[in-house]
Amino acid sequence: MKVPAITDVQGVVVGHAADAEALTGVTVVLTPDGATAGVDVRGGAPGTRETDLLDPVNLVQQVHAVVLTGGSAFGLAAATGVVSWLHERGYGFDVGLTKVPIVPAAVIFDLGVGRADVWPDATMGYAACMAAETNVAEGSVGAGIGATVGKVGGMATAMRGGVGTWSETLANGVTVGALVVVNAFGDVVDGQGRLVAGARGPGQSLIGTGALLRSGVARQSFADAAGQNTTIAVVATDARLDKAAATRLAMMAQDGLARAIRPAHSPFDGDTVFALATGVYDAPPLVTLGAVAADVLATAIARAVQMATAVAGIPAARDVAMP
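Reading the values: the criteria
Residue numbers here run from 1 along each chain, matching the order of that chain's written sequence. Whole-chain, interface and lining totals are the exception, using all residues; otherwise, since this is a predicted model, local features are given only for residues with pLDDT of at least 70 and side-chain atom pairs are given and counted only at 80 or more. Hydrogens are left out, water is left out, and the side-chain values use all remaining heavy atoms of the structure. What counts as a helix is a DSSP run of H or I of at least four residues, what counts as a strand is a run of E of at least two, and both are numbered from the N terminus. Accessible area is worked out with a 1.4 Å probe on protein chains only. A residue is then buried under 20% of its type maximum, exposed over 50%, and partly exposed in between. When checking whether two residues touch, look at their non-hydrogen atoms; a contact exists if any pair is within 4.5 Å. To define a nonpolar core, start from buried Ala, Val, Leu, Ile, Met, Phe, Trp, Tyr and Cys residues and group those joined through side-chain atoms within 4.5 Å. For this quantity, the arc is that covered by the directions from the helix axis to the C-beta atoms. Two N or O atoms count as a polar contact when they lie within 3.5 Å, although within protein this holds only if one can serve as hydrogen donor and the other as acceptor, and sequence-adjacent residues are included solely when both atoms are side-chain atoms. In this scheme, strands are said to pair when DSSP sees at least two bridges between them.

Novice: Break down unusual backbone geometry for me, citing the residues and quoting the values.
Specialist: Look at the link from R262 to P263: it is a cis peptide, with omega at -10°. Inspection of the secondary structure assignment puts P263 in the loop between β16 (261-262) and β17 (272-281). Here L23, not a glycine, exhibits a phi torsion of approximately 55°, which is positive. Mapped onto the secondary structure, L23 falls in the loop between β1 (13-19) and β2 (24-41). Positioned with a positive phi, E50 is a non-glycine residue whose angle comes to about 60°. Structurally, the position occupied by E50 is in the loop between β3 (48-49) and β4 (62-69). E50 sits in the partly exposed class, given a relative accessible area of 32%.

Below you can see the structure in the form of structure tokens.
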């Protein structure tokens, strides 16, 4: 049985590409025929491209892809390959002389896992587009191949993050989906509030970021993790929204991030959520879409760590005893 995914939203496909040795990669959410978009940035250390044009007061109304990538700021180069792939196929914003693909992007910091001198580039971004389909792989794939969580004590306390997705279809046929790359400073909890992955204590058991912070863990240990985090996500719907409504959808979806990651929106994270609306159906009330978006994003976050696999000596959720 097919697992619910963001590609259940009409007009959305997803592709991954990664370097399995360097442990860095790209995940692209393609909407080649265009989608109205918004964005909400809550974290204190974001790395982004083309987010200003998503402001409702600005000219461009639709985007053609969103790129989620590893490699910190270096990885933003992957978006160039996505632009090339779209342009070759005639997709983009029509400026008369040509069509210009609009491709916002956001990055995670994964340089502390694998190699720090290899980053996603235009070639990898292009490859992710070539691999795009409706079946979405989860866990240690694409932009999540080098992702980690629970870094209050640096890599000594870290566990594996990853890519997760989920969706829900409403009674009127409108679908809301989410795809996320989880690379958080904090921990991940499931829908019942149970700790799933996060900071490890002695004996490799889960102890949790909150407990370590309250215990007075050395400031230097979590200062070392500053800027090495960030959870980036796309929520999508096939409802018809304008840019202001898409922006509000991204803002409401951030509640799902705050439910599933503790702490969220820290000074050390660049938490960013994009929202896409492909405009197939009349929209239900925005409050309904936003509430569901938060739910599916929270589920996707839990799935990202549950589907991850151990690498480079960093354990995954399936390898560590639950508290």
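Novice: Before we move on, could you go through the side chain of R303 and cite the residues and values that matter?
Specialist: Here R303 shows up in helix α6 (residues 286-306). Here R303 falls in the buried class, since its relative accessible area comes to 17%. Setting aside residues no more than four positions away along its own chain, R303 makes contact with V3, E138, T165 and W166.

Novice: Which residues make up the nonpolar core, and what values go with them?
Specialist: If you look at the biggest cluster of nonpolar residues, it comprises 41 residues, and the most contacted ones within it are V149, V182, V273, L289, L297 and I301. When contributions to this core are tallied by element, the ones reaching two or more residues are β12 (175-182), β13 (187-189), β14 (195-197), β15 (232-239), α5 (243-260), β17 and α6. No other element matches α6, which puts 10 residues into this core. Ignoring any residue separated from it by four or fewer positions in sequence, one finds V149 in contact with A158, M159, R160, G161, V182, A184, G186, V188, A197, G198 and V305. Counting 29 residues, the second largest nonpolar core, distinct from the first, contains A37, V60, A106 and L276.

Novice: Which residues make up helix α2 (residues 122-130), and what values go with them?
Specialist: Within α2 the residues assigned to the buried category are M124, G125, A128 and C129. Looking straight down α2, one finds that the buried residues subtend no more than 145° of arc, so they occupy a single side. Exposed residues lying more than 90 degrees from the buried face of α2 are T123 and M130. Residues of α2 that are buried sit in contact with β1, β2 and α1 (78-88). The backbone nitrogen of T123 lies 3.2 Å from a side-chain oxygen of the residue at the head of α2, namely D121.

Novice: Go over the pairing of β2, please, and point to the residues and values.
Specialist: For β2, the tally of buried residues reaches 16 of 18 residues, placing the bulk of the element in the interior. Alignment of β1 against β2, held across 7 bridges, turns out to be antiparallel. Its bridge partner being in β2, D19 is matched across the sheet by T24. The turn linking β1 back onto β2 is made up of 4 residues, and L23 within it adopts a positive phi angle of 55°. Sheet topology places β2 next to β17; 6 bridges connect them, and they run antiparallel. Along β17, the bridge assignment pairs T36 with A277.

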